[in-house]
Amino acid sequence: MCFSLSGLNQLSFDAASSESLGLGSAAGPRLSDSPAEDGSGPGKRKRSSIPPDGGRNLSLDSILMGLPMSDPTAWATAMNNLGMAPMGMTGQPLLPDFDPALGMMTGIPPINPMMPGLGIVPPPIPPDMPAVKEIIHCKSCTLFPPNPHLPPPATRERPPGCKTVFVGGLPENGTEQIIMEVFEQCGEVIAIRKSKKNFCHIRFAEEFMVDKALYLSGYRIRLGSSTDKKDTGRLHVDFAQARDDLYEWECKQRMLAREERHRRRLAEERFRPPSPPPVVHYSDHECSVVAEKLKDDTKFSEAIQTLLTWIERGEVNRRTANNFYSMIQSANSHIRRLVNEKAAHEKEMEEAKEKFKLALSGILVQFEQIVAVYHSASKQKAWDHFTKAQRKNISVWCKQAEEIRNIHNDELMGIRREEEMEMSDEEIEDPSEMKETEESALVSQVEALKEENDSLRWQLDAYRNEVELLKQEQGKASRDEDTTKEQQMKLLQQALQGMQKHLLKVQEEYKKREAELEKVKEDKLKIETLLENLKEQQSMADEEDKEGDAADCQGNESSMSRVCACSQEKECPVEKTLSNSPVKSEREVLLVGIISTFLHVHPFGASIEYICSYLQRLDSKICTAEVEVLMTRLQNTFRQELSGVGASLEKRWKFCGFDGLKMT
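Residues numbered from 1 in each chain as written. Predicted model: local features only at pLDDT ≥ 70, side-chain atom pairs only at ≥ 80, totals over all residues. Heavy atoms only, no water.

**A closer look at unusual backbone geometry**
Positive phi, close to 60°, is recorded for Asn-198, a residue that is not glycine. With respect to the helices and strands, the residue Asn-198 is situated in the loop between strand 4 (189-194) and strand 5 (199-204). In this structure Asn-198 comes out as partly exposed when scored by relative accessible area, which is 23%. (Helix = DSSP H or I, 4+ residues; strand = E, 2+ residues; numbered from the N terminus. Buried < 20%, exposed > 50% of the residue type's maximum accessible area, 1.4 Å probe, protein only.)

**Considering the UniProt feature "coiled-coil region" (unreviewed entry) in the protein**
Here, UniProt's "coiled-coil region" (unreviewed entry) annotation points to residues 328-355. The distance from the first to the last C-alpha atom of residues 328-355 is 41 Å, and the span holds 100% helix and 0% strand. (UniProt positions renumbered as here; feature names shortened; annotations may be inferred.)

**Examining the sheet that holds strand 1 (residues 136-137)**
Taking strand neighbours across the sheet as the criterion, the four strands line up as 1-2-6-7 in an open arrangement whose pairing is antiparallel. This sheet does not close on itself; its edge strands, each paired only once, are strand 1 and strand 7 (232-234). Across three bridges, the pairing between strand 6 (residues 220-223) and strand 7 is antiparallel. In the strand pairing of strand 7, Arg-220 is matched with Arg-234. (Pairing = 2+ DSSP bridges.)

**Examining the nonpolar core**
One finds Val-167, Phe-183, Ile-202, Phe-204 and Leu-216 to be the most contacted residues of the largest nonpolar core, which totals 32 residues. At the level of elements, strand 2 (141-144), strand 3 (164-168), helix 3 (176-183), strand 4, strand 5, helix 4 (208-214), strand 6 and strand 8 (236-239) are the ones that each hand at least two residues to this core. At five residues, helix 4 tops the list of elements feeding residues into this core. Apart from the residues within four sequence positions on either side, Ile-202 is in contact with Lys-163, Thr-164, Val-165, Val-167, Ile-179, Phe-183, Val-189, Ala-191 and Ile-192. Judged by nonpolar contacts, the second largest core, of 19 residues, contains Val-592, Phe-598, Tyr-614 and Phe-638. (Core = buried A, V, L, I, M, F, W, Y, C linked by side-chain atoms within 4.5 Å. Contact = heavy atoms within 4.5 Å.)

**As for a negative patch on the surface**
Residues Glu-350, Glu-354, Glu-418 and Glu-422 make up a contiguous surface patch of negative charge. Sorting the residues of the negative patch by element identifies helix 8 (321-377) and helix 10 (388-425) as the ones contributing at least two each. Relative accessible area serves as the criterion here: at 40%, Glu-354 is assigned to the partly exposed category. (Patch = residues over 30% accessible without salt bridge, like charges linked within 9 Å, V, L, I, M, F, W, Y side chains within 5 Å. Areas by Shrake-Rupley, 256 points an atom, 1.4 Å probe, with all protein chains shown as cover. Salt bridge = Lys/Arg side-chain N within 4 Å of Asp/Glu carboxyl O. Lys, Arg positive; Asp, Glu negative; His and termini not counted. Charge placed at Lys NZ, Arg CZ, Asp CG, Glu CD.)

**Some thoughts on the packing of helix 6 (residues 284-294) against helix 7 (residues 300-313)**
Where helix 6 meets helix 7, the axes come as close as 8 Å, and the angle between the chain directions of the two elements is 135°. With respect to their mutual orientation, helix 6 and helix 7 come out oblique. Helix-helix and strand crossings are classified by hand; for helix 6 and helix 7 the assignment is left-handed. Of helix 7, the residues touching helix 6 (which contributes Glu-286, Cys-287, Val-290, Lys-293 and Leu-294) are Phe-300, Glu-302, Ala-303, Ile-304, Thr-306, Leu-307 and Trp-310. A breakdown of the residues in the contact of helix 6 with helix 7 according to their chemical character gives eight nonpolar, one polar and three charged. (Axes fitted to C-alpha atoms, helices over the stretch in contact; angles between N-to-C directions. Parallel < 35°, antiparallel > 145°, perpendicular 65-115°, else oblique. Left-handed = near helix turned anticlockwise from the far one by under 90°. Nonpolar A, V, L, I, M, F, W, Y, C, P; charged D, E, K, R; others polar.)

**Let's talk about helix 6**
All of the buried residues along helix 6 are Cys-287, Val-290, Ala-291 and Leu-294. Each buried residue of helix 6 sits inside an arc of 105° when the element is viewed along its axis, so together they form one side. For helix 6, the exposed residues lying more than 90 degrees away from the buried face are His-285 and Glu-292. Packing partners of the buried residues in helix 6 comprise helix 7 and helix 8. (Arc of directions from axis to C-beta.)

**Some details on a nonpolar patch on the surface**
On the surface, a nonpolar cluster with roughly 240 Å² of combined accessible area is contributed by Ile-311, Val-316 and Ile-328. Looking at Ile-328, the relative accessible area reads 45%, which means it is partly exposed.

**Focus on the sheet that holds strand 8**
Pairing is antiparallel in the open sheet, where four strands are placed in the order 4-5-3-8. Pairing within the sheet leaves two strands with one partner each, and these edge strands are strand 4 and strand 8. Direction aside, neighbouring strands of the sheet carry axes that sit 20° apart on average. By the bridge criterion, five bridges tie strand 3 to strand 5 in an arrangement that is antiparallel. Counterpart to Gly-168 in the pairing with strand 5 is Phe-199.

**Comments concerning the pattern of salt bridges**
What the rule picks out here adds up to 18 salt bridges. The partner of Glu-368 in a salt bridge is Arg-405, and the shortest N-O contact between them spans 2.9 Å. Taken as a pair, Glu-368 in helix 8 and Arg-405 in helix 10 lie far apart in primary sequence, 37 residues in all. With a relative accessible area of 5%, Arg-405 lands in the buried category. A salt bridge links Arg-513 to Glu-509; the nearest nitrogen and oxygen atoms lie 3.5 Å apart. Taken as a pair, Arg-513 and Glu-509 lie in helix 12 (residues 482-545) at a separation of four residues, close to a single helical turn. In the salt-bridge network here, residues are joined through shared partners; they are Lys-163, Arg-203, Asp-245 and Glu-248.

If you want it as structure tokens, here you go:
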């Protein structure tokens, strides 16, 4: 038989509290006062007459009211017979050395008679004191407690949500009414399923009622006053597993899980950021409002989002097309405002860069002046007049100033290099401008090398002065210090040699840079003369065009011959016939010029993919195969080299036009 589950709250069960089971009534007879179970035999006391209601109406008041309050001896005797500590009406103990263990009510702590309601269950027994089970009287049966010295009865593991108990050891003549009479004191009984083999299953309304029913496990039951074997039995109460209990427990767990998820969802929604306000529906009024917002820079973002939502919703039709067009036009005009704003910010950034460069250059000039003061003070004219500590401080200050000067100089050079890289990324069409930038870069490098050369010279002079001072102090010092001074001399000499080598390297580099600068100037002059000759030839060709078609042809042939002769003298040889030339069209000539300029900027070479990516920004129709074939035909202008090993092998093209000019 299956049982159903309804209770949710499980209450704690106190084994000492036996009020609901009728264990603690003051009128109930105790085990010491009860006769034997069979009620017969010699020397046996007769059972005292008990009223039909089981003696439940008897109380201490009815016993004690007949005693005179003025007689303390009688009062103490009556309370001693009840097993309580003798107390006066004022609460004072009548017998100070009273032993409660000698009273008739063993196991119960003393009760104050002044306490209201003597018929109530006594206070809870401490956990270390064992609970004493007493006789339970019912209308149709009597329950006798088990031996307190025996171990507690064994029980199985409690199933989840258990509300059903197994009751075994029932009398053969026991009925469901008797079982209901015994176990309804534990709580509301929903169903009883009795078997023919002296056991049954009882299902309660709540889970805590099962704990009360387990309290009766081990009791001996006797129906009425009969001693027949069929009217007696020993109760065994244990947990029972029922499908309805498990189902209701699972339903309860699911309900608790749903409540927990609901609480979590509420907490998440409480901390979730608010959703954006909904976009209003399209109308003529809202359209005019959005159009005004589109013209306002502060409200443009909100208005453009509304416009986008309307278009995605499909609000555009023949009637509203003009309104939407005007709003889109307003959005387009905002682009011009954004571009102007960006240009203003870029201008401010450029002005800030210029101010920073000017300030940095002014700081560098002041650093140079300070360093010059230190170096002039390090010369022998002024150096000999300073003390040793002052010379040390001056040298330390000079080093610090030079380090800070070099850091600022590197920063300024880095800014200039960044500007040069930005210029190289742009389309450079005029070769003369490129030559000018290279010339300015070389001039700045030459100036930096000059400054470094001067600083090295000043350092060299300072080291020489220190060496001379050490030589002078060496003669005056004692013999013990000779070894240390010799080591210092060696170290200074080594430092001096290193500085001299570094100075020689700097001078050689300075000479190389000057030679490169002169070479660049010569190339610039050649290009300028070539441009002037080409301009003159062009003007002569224009004058000859006016004479006629025939004269025009002759003039073109003469001008072409002059141009070829000029180019043969100053740049490179040109083939006599077009059929033998590796360059077959004007487009290839332009490609050769652009590739030469690009590779001249990249002296370490570049891959064919890098070159084609640069050319495709100018013309997207250019393909890699066309460029590679063209560069392969011009072997005196472009050279292919392999770099790397194994998987990192890479092909790079380099510009070799200057070397090819010497070879052809």
